[in-house]
Amino acid sequence: MDSSIGVTTCPRGQPGQPSPEVHWAQCRAAGRQKGLGLLYSALVRPRPEYCEQLRAPQGEKDLRVATTCPEEGNKDAERAMAVTILVWVLQQLILNVRVVGDERDEARRDHSSFPGLGSRFGIGSTMEGWSPSEENIIYRVLVSLIPPYGHAFLPELCNPGETPERNFRIRVQLVCTCKTEQLVGDMLCFIHHDEEEQRRNRGPSLLQTVCTGSYLDVQKTACRFHQLVKACWVVLPHSRRWRLTMLPCNRSCKFKMARAEEEIIIEIMLGVQQGNSDIFLSSQASEALFTPSTTWTSSCAVAEAKFFERLARRAPDGSFHLRCLQLCARILVGTGFSEYALKTVVMHLLNTTPLSGWHRTHFLLRLDDIMRYLCHCLEEKRLDHFFFGNEKIPEEIVLPPALQRAEPFNLFQHLAQDPDAQAQAMREFTDMQDRLTRMLANDN
């Protein structure tokens, strides 16, 4: 243990295993694009001893997924991949994860004061490949939280009977571990051992560190994660070339990496998976003016990212669906329309229009489809959420049963309730059409 940074390091390779140098050389061979030099030469290769556990089956699986090379010359995709692996390496340093069978079956008895860290997912427009802005780009990653040893997470609706089910609290419950204690011999059960003995041998429980009452506190958890990232950063060789600035922390962990003229802003969201689905209870704030610190909002961000990943695998060469979305998002600036509403429109069209129809030769037709669809939704004052009650969701995307059965959720409900708001939206839509026409004319 390096006491100066609070990070447990892993021993070198065991007999019969490849040396760290050989292992990471093999990993580097999987990432031939020059943009991946940011990952292996600067992040991992110089200090492989800190990530020896990545040889575990799940670690190797993660590497294979993470090092799938982006299209050559796609610098945005290369940087997004770099950010994802940076977050991944930080996870390993923070909790020194050792995988036991299933990756969710972690025996983290020496880290019971902070949730375990599970899978990570690139989310949002930048990671999906359609960011409308070329400046002030934020790379967002959602990191899943898993209950540490001796604890269980029990989601509860903030408002039972609420439709749709959007806001939750996560009750933390201690679990008896006496049987495991008898087998292993060095564990103490939080329920059946006195508090002083636990403090001497195991440290505080999760309830005493990042909870308010019996509920997992978003702000306390994000703040603690923020502190751990800052402590672990100095271990990375990357820290010698990049300056890290920790940005204000509220419900997420946000930081800026800078060198010379280059800046990268990374935001790490935290979330608890709903069962085995692609829906998470996330640290993202709700749409309300005030979100209590114990409220976790239901997020479809991972399911949305998975939807676009699926399209990327299936789309033929020359597909322009992301370019269509990006261009339309740029004309929203200064209007009351959200990027999410536009993204929902495009997702509906992508789910019903053959991918061959999104080839660059059909670019103008698809832009027209998007604008017509949006106009129709404005006139009807109804835009259905893509996932709630949608029977045409691709089978690769796993939704909780309650969300599958839910009635379609209207994203334009506020327009149905406020005629003035609808009139304003129609005027802004006309301006958007003019703006799009001028933009296309200038490109030509």
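Our structure's up above, just so we're on the same page.
Only a predicted model underlies this, so the values are computations on that prediction, with no experimental measurement involved.

**Student:** It is not clear to me how the packing of helix H12 (residues 363-380) against helix H15 (residues 419-443) should be interpreted in this structure. Could you clarify?
**Tutor:** How two helices sit against one another is set out by the angle between their axes and by the gap between those axes. Look at H12 against H15: their axes get within 10 Å of each other, and the N-to-C directions meet at 170°. If you check the angle between H12 and H15, you find them roughly antiparallel. Residue-level contacts link Phe363, Leu364, Leu367, Met371, Leu374, Cys375, Leu378 and Glu379 of H12 to Gln422, Ala425, Met426, Phe429, Met432, Gln433, Leu436 and Leu440 of H15. Taken together, the residues of the contact of H12 with H15 sort by class into 13 nonpolar, 2 polar and 1 charged.

**Student:** Just checking my understanding: could you explain helix H11 (residues 339-352) for this structure?
**Tutor:** Residue pairs spaced three or four apart in an α-helix point in one direction, given the helix's 3.6 residues per turn. The first and last C-alpha atoms of H11 sit 20 Å apart over 14 residues, in line with the 20 Å expected at 1.5 Å per residue. By the criterion of burial, H11 is predominantly enclosed, with 10 of the 14 residues buried. The inward-facing, buried residues of H11 contact helix H5 (124-128), helix H9 (301-314), helix H10 (321-330) and H12.

**Student:** Would you take a moment to explain the packing of H9 against H11 for this structure?
**Tutor:** Running from N to C, H9 and H11 point in directions that differ by 40°, and their axes come no closer than 12 Å. What the angle tells us is that H9 and H11 run oblique. Considering the relative orientation of H9 and H11, their crossing is left-handed. Along its contact with H9, which presents Glu304, Phe307, Phe308 and Leu311, the element H11 presents Tyr340, Lys343, Met347, Leu350 and Asn351. A breakdown of the residues in the contact of H9 with H11 according to their chemical character gives 6 nonpolar, 1 polar and 2 charged.

**Student:** Sorry, what's going on with the packing of aromatic side chains here?
**Tutor:** Note on aromatic pairs: each is described by the distance of the centres and the angle between the planes. On inspection of all chains with the given rule, the structure shows 7 aromatic pairs. Judged by centre distance (5.7 Å) and plane angle (90°), the ring pair of Phe307 and Phe308 falls under edge-to-face. Exposure class is identical for Phe307 and Phe308. Each is buried. A connected cluster of aromatic rings, assembled from ring pairs, spans Phe307, Phe308, Phe386 and Phe387. One Lys or Arg, Arg169, reaches over the ring of Tyr215 and ends 4.2 Å from the middle of that ring.

**Student:** Would you take a moment to explain the pattern of salt bridges for this structure?
**Tutor:** Scanning all chains against the criterion turns up 12 salt bridges. Here Lys343 and Glu304 are joined by a salt bridge, their closest N and O atoms 2.9 Å apart. Of this pair, Lys343 sits in helix H11 while Glu304 sits in helix H9; the two residues are 39 residues apart in sequence, bridging distant segments of the chain. The same class applies to Lys343 as to Glu304, namely buried. The structure contains a network of salt bridges with shared partners spanning Glu128, Glu304 and Lys343.

**Student:** Whenever I open this one, the state of the cysteines confuses me. Can you help?
**Tutor:** Linking two cysteines covalently through their sulfur atoms gives a disulfide. Inspection of every chain in the model, using the stated rule, returns 0 disulfides. Cys328 forms no disulfide, and the closest cysteine sulfur to it belongs to Cys324, at a distance of 6.7 Å. On the accessibility criterion, Cys328 (1% relative accessible area) is buried.

**Student:** Explain unusual backbone geometry here, please?
**Tutor:** Glycine aside, residues mostly have negative phi angles, and peptide bonds mostly take the trans form. Phi is positive for Ala260, close to 50°, though the residue is something other than glycine. With respect to the secondary-structure elements, Ala260 resides in the loop between strand S8 (253-259) and strand S9 (262-273). You can call Ala260 exposed: its relative accessible area is 83%. The backbone of Lys381 sits at a positive phi, close to 55°, despite the residue not being glycine. Secondary-structure assignment places Lys381 in the loop between H12 and helix H13 (401-405).

**Student:** Would you mind going over the pairing of S9 with me for this structure?
**Tutor:** Looking down a regular strand, the side chains alternate between one sheet face and the other. In terms of burial, S9 is largely enclosed, as 9 of its 12 residues are buried. Two strands pair when backbone bridges link them, and strand S2 (residues 138-146) and S9 are joined in this way by 7 bridges, in the parallel orientation. The residue of S9 that forms the bridge with Tyr139 is Ile266. Across 7 bridges, the pairing between S8 and S9 is antiparallel. Looking across to S9, one finds that Arg259 is bridged to Glu262. Linking two consecutive strands that pair antiparallel, namely S8 and S9, is a turn of 2 residues; a positive phi of about 50° is found at Ala260 within it. Summarising the sheet, S9 and strand S10 (residues 280-282) pair through 3 bridges and their orientation is antiparallel. Bridge pairing in S10 places Gly271 opposite Ser282. Connecting the antiparallel pair S9 and S10 is a turn made up of 6 residues, with Gly275 showing a positive phi of about 60°.

Conventions and cut-offs
- Residues numbered from 1 in each chain as written.
- Predicted model: local features only at pLDDT ≥ 70, side-chain atom pairs only at ≥ 80, totals over all residues.
- Heavy atoms only, no water.
- Axes fitted to C-alpha atoms, helices over the stretch in contact; angles between N-to-C directions.
- Helix = DSSP H or I, 4+ residues; strand = E, 2+ residues; numbered from the N terminus.
- Parallel < 35°, antiparallel > 145°, perpendicular 65-115°, else oblique.
- Contact = heavy atoms within 4.5 Å.
- Nonpolar A, V, L, I, M, F, W, Y, C, P; charged D, E, K, R; others polar.
- Expected span 1.5 Å × (residues − 1).
- Buried < 20%, exposed > 50% of the residue type's maximum accessible area, 1.4 Å probe, protein only.
- Left-handed = near helix turned anticlockwise from the far one by under 90°.
- Phe/Tyr/Trp six-rings, centres within 6.5 Å; stacked < 30°, edge-to-face > 60°.
- Lys NZ or Arg CZ within 6 Å of the ring centre and 35° of its normal.
- Salt bridge = Lys/Arg side-chain N within 4 Å of Asp/Glu carboxyl O.
- Disulfide = S-S within 2.5 Å.
- Pairing = 2+ DSSP bridges.

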